[in-house]
Amino acid sequence: MIYNIKDKVVLITGASGGIGAACARELYEHGAKLILTDITQSSVEILASEFSKERVLAKAMDVTDWESIKQVTSLAVSTFGKIDIVFANAGISWKESAYTIFNCDESEFEKILDVDLLGVWRTIKSTLPEIVKNKGQVVVTSSIYAFTNGMCNAPYATSKAGIEMLTRSLRAELAGKCASASVLYPGWITTPLTKGVFGGDNLTTKMREMGFPPFLRKAIPPEKVAKAFLKGLIHRKPRIIVPARWIPIQLLRGIVGIFSDWFLAKHTQIQSLLLELESRGKK
């Protein structure tokens, strides 16, 4: 059955980022009411200014803080009467250079896990009563990193693999309640998070070019992700993989994973670049 987006109330975390903002615009165009959240009030107010005040609530929310999430959830329900869809999209990566597990800062590694993994858990847990009551949907932004090697981006990749399993588990548990959960797997997207591997950092750019075949290297705009996201919502798809060229990799992830782990370990140029990266940014 088709899930009608019109008049659905959607809570979005990380709303001011590339994917979050693009999905907010797509949802609004199809008649949804929006709760836009991000770490700062100013960032969500800028986005909210694009929309009618009657259909949007902009509120700063910290996904590392249970109380912050619960307060916004309560405000959303009191404002719109319900929450139908939760889009757990907030995520961060390294602040500056890429790091390996050997030379990264422990506190930064754990901060990424706190936002990208536990932040998704807190968002889902706090809003789930509304989702179940309204037979709604949960969507989380995972990544191709859920099924590809996370070299130089281990905390981000660890989080994305973790929330993939969290959401798959949730979908099975919600099936008898007429609610659902979906995993969004974006590939390379033209957002600030991917800037380093697309020319922003010479070493990580070289590693991306060596580590991925040409047909997987190209980045796509967030707007393409938003269209796939909306289609996934309408059909309650369990997996939303965009661009579609990543679908065979996901389907063959077991075999591809074995090969890619071997390839990265044996590739002398990549290993040399890793040593250069560690010597440049040793913490």
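What you see is a predicted model; the values in this text were computed from it and never measured. (Residues numbered from 1 in each chain as written. Predicted model: local features only at pLDDT ≥ 70, side-chain atom pairs only at ≥ 80, totals over all residues. Heavy atoms only, no water.)

Trainee: Mind laying out the sheet that holds strand 6 (residues 180-186), listing which residues take part and the relevant values?
Mentor: The 7 strands lie next to each other as 3-2-1-4-5-6-7, forming an open sheet whose pairing is parallel. Each of the sheet's edge strands pairs with one partner strand only, and the pair in question is strand 3 (56-60) and strand 7 (239-242). Neighbour-to-neighbour, the strand axes of the sheet open up by a mean angle of 15 degrees, direction not taken into account. Across the sheet, helix 2 (residues 41-48) is in contact with strand 2 (33-38) and strand 3; its angle to strand 3 comes to roughly 165 degrees. (Pairing = 2+ DSSP bridges. Helix = DSSP H or I, 4+ residues; strand = E, 2+ residues; numbered from the N terminus. Axes fitted to C-alpha atoms, helices over the stretch in contact; angles between N-to-C directions. Contact = heavy atoms within 4.5 Å.)

Trainee: How would you sum up the environment of Leu 128? Please name residues and give values.
Mentor: Position of Leu 128 relative to the elements: it lies in helix 4 (residues 106-133). You can call Leu 128 buried: its relative accessible area is 18%. Excluding its chain neighbours within four sequence positions, the residues that come into contact with Leu 128 are Val 138, Leu 170 and Leu 174. (Buried < 20%, exposed > 50% of the residue type's maximum accessible area, 1.4 Å probe, protein only.)

Trainee: Can you tell me about the UniProt feature "domain: Ketoreductase" (unreviewed entry) in the chain, naming the residues and giving the values?
Mentor: Taking the numbering used here, the UniProt-annotated feature "domain: Ketoreductase" (unreviewed entry) corresponds to residues 8-191. Taken end to end, residues 8-191 comprises 46% helix and 17% strand; its first and last C-alpha atoms sit 27 Å apart. (UniProt positions renumbered as here; feature names shortened; annotations may be inferred.)

Trainee: An account of the pattern of salt bridges is requested, with residue identities and associated values reported.
Mentor: Tallied over the entire structure, the rule returns 8 salt bridges. In this structure, Glu 26 and Lys 227 form a salt bridge, with 3.7 Å as the shortest nitrogen-oxygen distance. Placement of the pair is Glu 26 in helix 1 (residues 18-29) and Lys 227 in helix 8 (residues 222-234), with a sequence separation of 201 residues. Residue class for Lys 227 comes out exposed when judged on its relative accessible area of 53%. (Salt bridge = Lys/Arg side-chain N within 4 Å of Asp/Glu carboxyl O.)

Trainee: Lay out the pairing of strand 6 in plain terms, naming residues and giving numbers.
Mentor: Buried residues dominate strand 6, accounting for 7 of its 7 residues. Pairing of strand 5 (residues 137-141) with strand 6 involves 5 bridges; the strand directions are parallel. Within the sheet, the bridge partner assigned to Val 138 lies in strand 6 and is Ala 181. Handedness of the crossover joining strand 5 and strand 6 through helix 5 (residues 154-174): right-handed. (Right-handed = clockwise from strand over helix to strand, strands pointing away.)

Trainee: Report on the nonpolar core, specifying residues and quantitative values.
Mentor: By size, the foremost hydrophobic cluster in this structure holds 42 residues, and its most contacted members are Ile 35, Val 138, Val 140, Trp 188 and Trp 246. Looking at this core, the elements with two or more residues in it are strand 1 (9-12), helix 3 (66-80), strand 4 (85-88), helix 4, strand 5, helix 5 and strand 6. (Core = buried A, V, L, I, M, F, W, Y, C linked by side-chain atoms within 4.5 Å.)

Trainee: Describe a nonpolar patch on the surface, with residues and values.
Mentor: Taken together, the side chains of Ile 247, Leu 251, Leu 252 and Ile 255 define a hydrophobic patch exposed on the protein surface, amounting to about 410 Å² of accessible area. Checked against the element boundaries, Ile 247 lands in helix 9 (residues 247-251). The exposure class assigned to Ile 247 is partly exposed, which follows from its relative accessible area of 33%. (Patch = residues over 30% accessible without salt bridge, like charges linked within 9 Å, V, L, I, M, F, W, Y side chains within 5 Å. Areas by Shrake-Rupley, 256 points an atom, 1.4 Å probe, with all protein chains shown as cover.)

Trainee: How would you explain the environment of Gln 137 if you had to name every residue and give the values?
Mentor: As for its placement among the helices and strands, Gln 137 is situated in strand 5. Classification of Gln 137 as buried rests on a relative accessible area of 0%. If sequence neighbours within four positions are ignored, Gln 137 has contacts with Tyr 3, Asp 84, Ile 85, Val 86, Ile 131, Ser 180, Ser 182, Gly 232, Leu 233 and Arg 236. Polar contacts involving the side chain of Gln 137 include one to the main-chain carbonyl oxygen of Leu 233, which spans 2.9 Å. (Polar contact = N/O pair within 3.5 Å; in protein donor to acceptor, adjacent residues only side chain to side chain.)

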